[in-house]
Each structure stands twice: as structure tokens, then as C-alpha cells.
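Listed below, chain by chain, are the residues.
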Amino acid sequence: MEKKQHYKSMCRMCNNHCGINVYVENGRVVNITGLKEHRWNHGRLCVKGRLGVDLVNAPDRLKKPLKRVGSQWQEIDLEQAYDEIAEKIKKIQQTWGNRAMGIWKGEAVGFLTQEELARRFAHAIGSPNYFSNDSQCYVGRWIGYALVSGTWAEPDFANAKCTVIWGSNPPYAHPNMTQSILQGRENGGRLIVIDVRLSAMARQADDFIQILPGTDGALALGLARQLIRDDLISHEFIKGYTHGFDAYADHAKAFTPERVEKETGIPAERVVDIARKIGNARPKVCIYAGNGLEHHENGINNVRAIACLDGLLGSLDEEGGNFIPEKIPLRSLTLYDEKPLRHLGPIGADKFPVLYDFRQECHTMSAMDTILTQKPYPLKGMVLTGANPALTNPNSRKVIQALKALDLFVVRELFMTETAELAHYVLPAATYLEHSELHTYPVCQSIGISPEIVTFPECDYDYMFWKKLAHRLGASHYFPWEDENELNQWILKDTGITVETLFDHPEGFKYKSRHFQKYKKEKFNTPSGKFEFVSDYLKGHGYSHVPEYIAPTYMSDPNPEYPYVLVTGARKLFYCHGRNRNFKRCRTAIPHGEIEMHPHDARQLGVDTGDVVTVTSSVGSVDIPVTVVPHSHILPGVTQITHGWKESNVNLITHDDRNDPIDGFPLMKSVEVKIKPKRQEDGE
Amino acid sequence: MRFITMDIKKCVVCRNCEYACSFQHTGDFNRADSNIRVAYHDDIKICLPQTCMHCEDAWCMEICPAAAITKNEETGAVEIDSGRCAGCKMCILACPFGNIHFDKSNLISRKCNLCKGEPQCVAACISGALQYVTAGDSCRNNREIFQRFMATLHTPL
Amino acid sequence: MQLVIIGNSAAGLSALEAFRKRDRTSPVTVITKESTIPYSRVLLPYYLRGKTTFKNLFIRSEDYYSQMGATCITDAVVKLLSEKQTLILENSAPVSYDRLLIATGSSPVKPPIPGLEGKGIHHLWTLADVENLMPCFKKGKSVVVLGSGFVSLQGAWAALSRGLDVTVVELLSRIMPNALDDHGAQILTASMKQSGVDLRINTRTLKVEQTHDGKLKLYFNNGHDLVSDFIIVGTGVRPNIDFLEGTGIEVDNGVVVNHHMKTTLPHVYAAGDVAQVPSTFGGPCVIHALWPTALETGRIAGACMAGENISYEGSLNMNVTQMFGITVASMGKFMDVEGAETWTDKTLSHGQYLKILMKDGVPVGATCAGGSELVSTLGLLRPLIREKISIQGDPAALKKMLAQNMTRYHQAYGKGASCAL
Ligand SMILES: Cc1cc2nc3c(=O)[nH]c(=O)nc-3n(C[C@H](O)[C@H](O)[C@H](O)COP(=O)(O)OP(=O)(O)OC[C@H]3O[C@@H](n4cnc5c(N)ncnc54)[C@H](O)[C@@H]3O)c2cc1C
Ligand code: SF4
Ligand code: SF4
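Quick caveat, the model's predicted, so the values are computed rather than measured.

*Asks:* Just to check I follow, could you spell out the sheet that holds strand 4 (residues 66-69) of chain A for this structure?
*Replies:* Two pairing modes exist for strands in a sheet, parallel and antiparallel, and in both the strands are linked by backbone hydrogen bonds. Residues and elements named next belong to chain A. With mixed pairing, 7 strands are arranged side by side in an open sheet as 5-4-17-16-15-6-7. Edge positions in the sheet fall to strand 5 (72-75) and strand 7 (130-132), since each has one partner strand and no second. Direction aside, neighbouring strands of the sheet carry axes that sit 20° apart on average. Two strands pair when backbone bridges link them, and strand 6 (residues 101-105) and strand 15 (residues 381-385) are joined in this way by 5 bridges, in the parallel orientation. Note on strand 15: the bridge partner recorded for M101 is G381.

What follows is the structure in C-alpha cells.
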């Protein structure tokens, strides 16, 4: 019998990328544990991490290329599949133009380079249409922060005197972030959690502020007003390094504690109290904004309002504040400078220019309309890797309809997902344990690399996949590297670090030690070079220059037909977005989706835990079992459904066409719904 | 001697530990099979992870009428020998912390055995609440700590 | 200093081990009239039921005595000559002592029922009893169990599990009067009946007759007579103190001892079922006749005999047993007593029962029936009962209080340890 082999790598079961030990026996991954020396997780690994074993060995993993013939799947030779796909892409390009092809990147299979490779490929074949899950997750916050400070800084929890976790549940969403948050608390810091639900994180909060969904901007402005009034602000920072303070302060004036109470449901005195607690801890205040702030009609401005607090407190780029990591000069794979294609009209860039300006992201929600209406131009083909929009994009019915309407739909996947089922070709992908990729940890200013640990013959890794297609499409010069080893070396070239060095540093190679207050020497990456309380750039695009607050529709214009407000997307322990539902063990633990409901609402509806209800929005309906949560867990009238359950897919009822006007983010976290108990049909 | 400490100021009741424990000895994620139990007391905001303290002169070990409970010399773990346990539940009654559970499929008691010195609950604890620690000067004898604890009980919180 | 221990069961062993912890050198002699290698009485019903093996009944190894630096004599003590500090044995030479521990336990007694002797009449108390019983435990046979204490009922459960027809006869109006409150008894009664036991309460056995086909006929006061293959008698025990006659040692229901397990004779200690010991609640001394009490009192005696001056905190009765598909347990005062308030957990699901008794807010006892989680709760209560700590506020807040208590423990616990993953 072969001896157990031991590899050190990084986890990709969520976006935390913890250091892991991977044990292999007879060519099979048998165990995964936390890597003690890793800078991020210090040996701790959540149960999702261990599930990597289930992922790589899953009996239902796709191992053979499949081609749809009629309603059947037929196994097909891998190279022939590439040939056929390339032929079909060429045909689309010839008939409808290069931009009729779209490229879509999901996040399930790779690390740092997977995104840039997909972007590179799109441009290499002449299409500006790069899509990803990011246009409805993460990027909203990134843009919100970048508009204010030129980047989204990283929280330095461990040294904070006051940490504010706002709309995020790290224990489930970014598990090992919890360690540093609580380290900060152990060091004497205060923990404030602002959330719609009493989340896992909130259980340890010194102050838990339960807020109505989508009203965060009002609170942020209210805090700003109070901080200014109490003179708990950093005059030095405001005076020296910011733009538009007066206009912003003026705007915030209207947000008296009483008004904030009316908007957010938070008692006025608590607003004052929290402001003082935050202000007194300045500048070591660490405010972390989570996904809960996106997915609202006024999401970006709410995020901006929160981002502005960093400037008021002078906590930006401070130890114990939100610090701005220094980058490592990795070579970029994108072709935006080399081969800009904005003139071809990337989908969504007309409606949401900020999204494209900041992130070169096309808008996936608009893509569905484009496919269905051929407006502004036909989008006929899509190559999608490691994503499941049929389950995770809003308005699933429309998504399915659109993806079905494509002339060519290629999905590269680990499993036969709801999306893969719609494809013409399904190619098996390699997992994160099956290839070598780079990854940076900005918080630690370190970089790591994953080794190729096991392989399966027809499961190509990202680079190989794009390279093989590019070579068949006359774009081989953009993909010159023999394999990903060569590619990794090329990416690292300007850093002076070699691949070998990285393998010698499984704990994460620290490329630079941290420095604070860099703004004293360098400008902020904003149009004014300063921290922008107001944005002239946004004004130029016709938006408000201050982070204005617009109340969510369910508050400002309540529709009696839809009396409940539904939040979606709270993370659950075993699941990362749409993933892991096919692992039996996970189903033992959390077998099905649920709608979380306040006992008061449950009583009114006459339902109890386990009863099925029909939840209906203006988009559609979904049937789902109820979980009645404790009183303190959620506010009456507010409900929550986690996405990713195909049996009770909440995205059947989320909005793809009610968007934040700035970044186009869909309305998924303050959805107006009605709820009806699903009764057994009479007479049956 | 090493044992697991539980920091109630860090636990977030995420239940990674419970599932890791269940996985370790059943291969499945079933909370009921876990030897570590985490409770959240909503009204008093207490997050309470509970697993065996591997007491010195352990109550459970003393009481077991089947001599099924012993101290593992190497790891210091108080362990139940499943081959000897008769399932009488005396140990469950004896433990002053509620740290012994009943294995409903084999009808015997079960408890933490420190996973041969690599406790999986600690490895999965993402908050840092669980630590696998080496006994220090003031913490050598759990019975002593228990007495100290008993003394504090007379003073209201 | 020569130490002699009579009895090698719970109390004797616990005393020997506690003594040896403190005194590695003094010679120790253990005398037992039963098996040399110690076995566990508690496991006997489990063995009958097939839940544990014969081998597992033995709870110490063969070289136990040599490891403990003790000699073991397998013989019965027939007389104590207290002035001479000497024991007379049935078949061996006399043994003298400097200190003596009486840990002879108790033996079952038969009620005065005519015909209750001879073939087919059994006890369930010793290994020998069980070896005699085992051949009778055959599917299809019938047994009558006289008495409904927890040992008797365990015998009944073992018989039922082996496919025997089981009748339990109890003189009183309810089962398990010494271990359960009325409601707990009701729950257990229901599951006994559901499991198929023919339970007869308020029933007096008038006489027993051997039938010509080798069976036993039982006559009852209510006329519902019965024929059975064999009978297990479990109607009471008395301490093994015959050999103490004439010593003048104070005996009440058992050998009376003080907080150090000392009897009224010089250098003579007693522990376990044979001893009447202080109770945790104060008041008159008690015989709980339970394994944990035997262990505790043995431990105190062992330490005191080694010269340490420790006192017993008093016996707290605690008992758990599972049979007929449910677990029942009790601790301290479980029968409703005057001046005490009772609290039952209303949040439990159907078939689960937990009752706590309190005096002036201090828990004094509890009973439960249902699942093993409830047994854990009793375990958590034990320190509070022992230390007489009041449950502040509503007893419904017990769980909360226990949680708060645990937090204090954690605070005491975590300190001083050096951390590592
Ligand atoms: C079937 C059964 C089930 C039980 N189940 C439980 C239970 O679940 N929970 C519980 O708490 N308790 C239970 N008990 C009670 C428990 O077993 C006793 O309380 C415990 O064994 C008492 O221990 P002891 O050492 O005092 O006496 P014993 O166990 O009775 O031992 C007496 C010892 O003294 C020796 N001896 C006696 N007389 C002489 C003599 N003249 N000369 C020499 N040696 C002598 C005997 O050989 C024996 O070694 C059960 C008892 C029985 C019989
Ligand atoms: S189970 Fe309870 S009594 Fe036994 S060692 Fe663990 S904590 Fe102590
Ligand atoms: S349940 Fe098993 S381990 Fe526990 S006391 Fe009984 S025999 Fe010993």
C-alpha cells in the first residue's frame, strides 16, 4: 500500500482561502485539515473546508465531456468537444459579430487568476462581454468604497478598539475572519453588530443593533451627524485629506436621531449612544460592510454613507482601522489597456456606466434581457465556467428562459447543475485541488500558491480550458504559455518572487510589511486624489454627489398586497451560495431551505416550524417550509430565505429589473412579499 | 496534561465544532452525535460550548460500575471503553457538567476522547473559543477548579 | 500497621484504592466470601439481559491485588473479636488487624410466605445467583418477580428481553417506592405494561406451592392465582452483620458510623451498604444502599484509615436505570415533602418528565423519566443540591442558571493554562 502523501495548499470551499493540509492515499484525497502555520486561519478550518474531500471525490462529479443531442446527453471526446465548440463560436462571430459571444466566470473552482483568464479570453476573441457573479455580489461594496476612498480597504480587526460588523455574518460567510474579530475584542475592543437578524456574529456583540432591511444609509448619516455634533471626528484627516466635507455634513444634518429611528427602527437614543461609542474609539475603528448592504435600490449610496465614516473618524489606513493594503506587482492578464473594447458596447455599460468604469463588469441581469430581446444587439453564445445563475441570479425563470434561448451555451462545471442542464455542451472542470494557482491575501500582505494534488484525465483546469479554445479561435498569441506553471512564473515575473519560493511558504509569503497613513505621502486613488465625501464623478453621470438616502420602497410606498419584507441570502454553515447541496452529509445537517419568521408573524399566519408556505412577490412564487425563530432573531414583518435551494429557489421571486441606479445591483434583500400557508388541497 | 478550554466570550454558536465531532466518529454531520454541545441562551446572551473537562479523579470514572472509564495516560483523556460500557447511564448522572451523552444506536454512553490528542472540535473552531491548552500552574487540577467554582456559586452573579 | 478490609465490592475497593493513594507501604488484607476477582453487582442484570458479557462483569484485573500491594483471602468472616482486634474466618486462620473496614454489604431477605423456598426460588443479588438464574432465562418460560424495587424490575426487564413471560407482584399500590415519585412511577408502569409485563399491584402473595410438573403455583389475596416456572424474590435486604454479634457495636438499620466512617468500636470503620451513614441533608443517618454511596463512603474510610482527617459531605442518593424503553432517574428528595415546592418542566415534549423539588429556593431533589438528556440535567443539579445553592428566581430559569454557573466555571478554568492550538 502506498504511503499517505501530504500537500499544503489553500481552501476554495468559500472565499476565505484558508491554508490547508491535503492528504492523499493511492491517488485519492482522503483528508483535509487546517494548516497550522497559515497566516490567515492559524490551523483552524471550518467544516466546509473538510468538505473539499467530498467535492473532489463526489460520485456525481462530471468526468466526461457531454454534448446535448436532442433531449439526451452524449459523451464526447474532449478534443472534439473543443473543436465543435470553437466551430460554433466562429459561426456566431461570423454571423452576429464578436460581441455576440459572452464569457461568464463563476467562483467555484479557482483562485486569483481564474477571473483574469476569463476576462482575457473575452477580449482575446474580441468580445467586451465579460460577466460574473460579481455584478450582483461584492462589487457593489467595492464600488461604494472605491468611490469614496479609491479602494476597498481591509479591516484590521485584531487591533481595533471598536469593530462594527455591518450587514455581515463572518462566522458563516468568512469563517476565519471571526478569529481576528474576536481577537480584537479580547484585546479590549468593543464589538458592534448591525444586522437585520441576530446573526452568529451578533451573539458576541457588545451592542447589537437590529435594523430594518435597506435602511442602513439613514443610520450611517445619522451617526455622521452625531459624530460631527459631538465633535468626535478627526479634524486633521478631514482638513488635510478629504473632499466635500461641508456638503456632506450639511446633507447629514437632516438625519436627526428621531428621523433615523423612523427610518431604521433603531431607538433614537441608541443611535446617539452608538455614535459616541464609535467616536470615542477613533481612530482605531474598524467598520466592515457586508453583503447585506448590497441588493437594495439604494445600496451603493448606503455603502458610501458608511464608507464616509472612515473619513470622519480618521480610521482609514490606520492600525486598528480599515487599512489600505499595498499591492504586489503581479502582471495583469487582462487586456483592457492592450485591447480596449468599450466601443463595442459592453452589455449594461450604457445603463450602469459606473459598474463598467470601476470593474469592467457587464451586467448579468441585462444580459438575460439582451438574449431574449436581441436589444441593443444579439447575444447568441455564452461560455460559462463554474457558476450556477439558474439558481443564483435573480428572477430564475427569466434566466432559464434566456439561457435556453442561446444558440450556443457551453458550461464548464464540476456537477450537473441547474445551469449545466440548460447547456449544449458540458465540460468537466478541475477543482482547486487539481491545479496550481496564485492567490493573494491583502490583509496579511502575503501571497500563496496551490499545488496540483490530484488530476482527472478530462477535467481541464482554467488556463488549459481557455488556452485550448483560444488556440482554435485564432487567439493563440494571447495564450502562449505551455501550462499554468509557465503562466504563474510570468505573472510573478516583476515581483522578484519565484514559484519555488511560494511553494516554500505554504503559510503565505509575506511580500511586504504593513505601513499605515500612506495617504500622507501618496494620493488616494480618486479623481480628486482625496477622500471623497462627495463625488463629482457621480454628479457628472447625473447622480447625486452626496451619499443620499432613499428609503426602500417597502418603507416609502408600502404596498398592502405585499405586507412582508423578505431578505435573501443569509449564509448557512455548510453552504456557500449554490454549492454543496449535493453532498449527503450536508443534507443530514441542514436538509432543506427555510423561511425564517418571527413568532408573531407565524402566529398571524397560523403556521409553525415545518409548515410549508407560498411566498409571492411581483416576480413569482416559491413554496418553502417555515422556521419560526426566537423573538430576538428577526423583526416582526421581516423574513429571510437563504438562496441556493433548487427545491425552494428564492430567486424565483427576486427582482432582476429593480436595480440600484448606480451599479445596477438587483433588489434581493428588501423584497416585498405576501405569504400564504400552503394547505393540503381539499378533496384529495 | 492538555485539555480543551472554552471561551464564552468568543463562541458564536456557529456549531462547526459539533459537526466536526460528529464527523470524526460517525462520518456524518449529525449534531445529535456530537460530544461537544453548544447552547445559546437568548435571554441572557450566553454562548456556551460544553465538552468534557477530563477531570482529575473524574466523577464519571469513579462511578462507572463497569470499570469502562479510564484515563488515557498519553493524552490525559478520560475515555469510555465501548467494549465494556453496559449503558447504565450512571456516568451521565455523575457528570456535574452534562458532558456525557448517550449513543442511541449502540445503547452505550459516549464522550469526548480528545481525538487521540488532536481534538477536531478545536481544529474547526473558527472563533478561537476552543483552545487545546497545556495545563499551567493555576490550572493543574480540575477538581480544585471545581471547588473554586463551587465557592463562587454562593455569590450572586 | 495492618489494614484489613472485609468485602471486595464497591466500598471495599474504593477504600483500598483511597488508602493506597496515601499509604504505599502498610500491609493490607482483603477478605471476601465471594469471587476473588472483584465483580460488579450493578452489571448483573445487564449480563442477564445479554447487554454485557460474563468477562465484563469483572471490574479489576487478575493481578489487581499484587498491583495494589494487598493480599486477598477468599473466605467468610464468622466472628469479630474486637478486644483482640482479630477476625475469625470460616476455613482459614484468624486474621488480626490494626484497622478494620467492614464493607460486607447486604443480603436479600425472604418475606415470610409459606412455600417460598427450594427449587425455582431465586434472588438476584450475587454472581452465584445470576449463574443459577441464567439457565432459567429461556424464551417461552415464565417468571414471577416478587417486589418492584429497581433491582427486581431490572430482573423483570432482563427476563422480558429474553422472551420470558413476566409477572411482577407488588404489595403496595405503586412500583419503585424507593426510587421514583408517583408520576415517574406511573410513566414507568405504563411502559412496563406496554412492553407486555403482567403487573399486579396491591397484591399480597399468600403461599407458594410446587406443582407436580415442577412448576410453582402462587396464591394471591385477590384470588388471581398463577403458575410460573420460577420466582425471583426481591422484597428487601438486610446488612451482613451476623459476625458482629456480641461486639457491642452500635447497629441501627446498619452499622452506625460518623462523618469519618468510624463505628463505635475502636479502629473499626464501616462503609457501603452495611453502613448507616450521614445524609447530605443532615438529620438521622441513612442507608441508601447504592453504588455511588458505597464508593464515596469507601473512599472516605480509606483516606481516614490512612490517617487523613477528611469528613464525608453526606450521602446523596442518586439512581438511574433504563428499562422497558425509558430511562428513569432520581436524586435526593423526590417524593413530595411538606414545605417543599415542586417544579415540573412544562417545555418538555410528550413522554418526558422532569420534576425538581425545592425548599426555600434550594433544590433538594429531582426525578425524571424519558430520555438521557434529562439525566444530564440531574447531574448538573447535583452540585447545587450538595452545596445548597438556591435557584434565584423562577425555577424555570434553572437551565439559565446552570448556564450562568458554567460560565463562571469556564472563567475559573481557562485561566492559568497556556494556549496552543
Ligand atoms: C442486581 C443489582 C443491581 C444493582 N444496581 C444498582 C444500580 O443500578 N445503581 C446503584 O447505585 N446501585 C445498584 N445496586 C446496589 C449496589 O450494587 C450496592 O449498593 C453496592 O454493591 C454496595 O457495595 P458494598 O461494597 O457496600 O457491598 P456489596 O456490593 O454488597 O459487597 C459486599 C462484599 O462483602 C463481602 N462479604 C459479605 N459478607 C462477608 C463475610 N461475612 N465475610 C467475608 N466477606 C463478606 C462480599 O463477598 C462482597 O465482596 C445493585 C445491586 C444489585 C444486587
Ligand atoms: S465526563 Fe464529566 S465528570 Fe467525566 S471527566 Fe468529563 S467533565 Fe469530568
Ligand atoms: S453508561 Fe457505560 S461508561 Fe457510563 S457508567 Fe455505565 S457502564 Fe460506565
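*Asks:* What am I meant to see in the pattern of salt bridges here?
*Replies:* If the charged atoms of two oppositely charged side chains come close together, the side chains can form a pair. The final tally for this structure, using the stated rule, is 61 salt bridges over all chains. Salt-bridge contacts for E18 of chain B lead to R31 of chain B; the nearest nitrogen and oxygen are separated by 2.6 Å. In this pair, E18 of chain B is assigned in helix 1 (residues 16-26) and R31 of chain B in the loop between helix 1 and strand 2 (37-41), connecting sequence segments 13 residues apart. Judged by its relative accessible area of 34%, R31 of chain B falls in the partly exposed class. The shortest N-O distance in the salt bridge between R299 of chain C and E62 of chain B comes to 2.6 Å. Of this pair, R299 of chain C sits in helix 7 (residues 291-305) while E62 of chain B sits in helix 2 (residues 59-63), which puts the two residues in different chains. Each of E79, D83, D460, K468 and R472 of chain A takes part in one network of salt bridges that share partners.

*Asks:* Explain the sheet that holds strand 1 (residues 3-6) of chain C here, please?
*Replies:* Residue and element names in this part refer to chain C. Read from one edge to the other, the open sheet built from 5 strands follows the order 3-2-1-7-19, with strand pairing classed as parallel. Taken across any chain shown, the strands that pair with only one partner, and hence form the sheet edges, are strand 3 (70-74) and strand 19 (268-270). Across the sheet, the mean angle separating the axes of adjacent strands is 20° when strand polarity is ignored. With respect to the sheet, helix 7 is in contact with strand 1, strand 7 (99-102) and strand 19, its orientation differing from that of strand 7 by roughly 175°.

*Asks:* Just to check I follow, could you spell out the packing of aromatic side chains for this structure?
*Replies:* Any two aromatic rings considered together are summarised by their centre-to-centre distance and by the angle between their planes. Residue and element names in this part refer to chain A. In the structure shown here, the tally under the stated rule is 39 aromatic pairs over all chains. Judged by centre distance (5.6 Å) and plane angle (75°), the ring pair of F237 and F531 falls under edge-to-face. Taken together, the residues F237 in helix 9 (residues 235-241) and F531 in strand 21 (residues 531-532) connect sequence positions 294 residues apart. We classify F237 as buried; its relative accessible area is 2%. Of the aromatic side chains, those joined through ring pairs into one cluster are Y82, F121, Y463, F465, W466, F479, W481 and W490.

*Asks:* Is there a simple way to explain the site of ligand 3 in this structure?
*Replies:* For ligand 3, the set of nearby residues contains 13 residues, the closest of which are C64, C85, C88, C91 and S109 of chain B. In the shell around ligand 3, the residues fall into 10 nonpolar, 2 polar and 1 charged.

*Asks:* Explain the packing of helix 8 (residues 216-229) of chain A against helix 10 (residues 245-252) of chain A here, please?
*Replies:* Between two packed helices, the angle of one axis relative to the other and the distance separating the axes together describe the packing. All names here are of chain A. Where helix 8 meets helix 10, the closest approach of the two axes is 8 Å, and the angle between their N-to-C directions is 110°. Relative to helix 10, helix 8 is oriented roughly perpendicular. Contact residues: L221, A224, R225 and I228 in helix 8; F245, Y248, A249, H251 and A252 in helix 10. Here the contact of helix 8 with helix 10 is built from residues that sort into 7 nonpolar, 1 polar and 1 charged.

*Asks:* What is the right way to look at the environment of M176 of chain C in this model?
*Replies:* Looking at the secondary structure, you find M176 of chain C in the loop between strand 11 (165-169) and helix 6 (182-195). For the pair M176 of chain C and G147 of chain C, spaced 29 residues apart in sequence, the C-alpha separation works out to 8.7 Å.

*Asks:* Looking at this structure, how should I read the state of the cysteines?
*Replies:* Each disulfide consists of a covalent bond between the sulfur atoms of two cysteine residues. Applying the stated criterion across every chain, the model contains 0 disulfides over all chains. Between C14 of chain A, a free cysteine, and C576 of chain A, which holds the nearest cysteine sulfur, the sulfur-to-sulfur gap is 5.5 Å.

About the cut-offs
- Residues numbered from 1 in each chain as written.
- Chains lettered and ligands numbered in written order.
- Predicted model: local features only at pLDDT ≥ 70, side-chain atom pairs only at ≥ 80, totals over all residues.
- Heavy atoms only, no water.
- Pairing = 2+ DSSP bridges.
- Helix = DSSP H or I, 4+ residues; strand = E, 2+ residues; numbered from the N terminus.
- Axes fitted to C-alpha atoms, helices over the stretch in contact; angles between N-to-C directions.
- Salt bridge = Lys/Arg side-chain N within 4 Å of Asp/Glu carboxyl O.
- Buried < 20%, exposed > 50% of the residue type's maximum accessible area, 1.4 Å probe, protein only.
- Contact = heavy atoms within 4.5 Å.
- Phe/Tyr/Trp six-rings, centres within 6.5 Å; stacked < 30°, edge-to-face > 60°.
- Near = heavy atom within 4 Å.
- Nonpolar A, V, L, I, M, F, W, Y, C, P; charged D, E, K, R; others polar.
- Parallel < 35°, antiparallel > 145°, perpendicular 65-115°, else oblique.
- Disulfide = S-S within 2.5 Å.

Geometry only, nothing functional implied.
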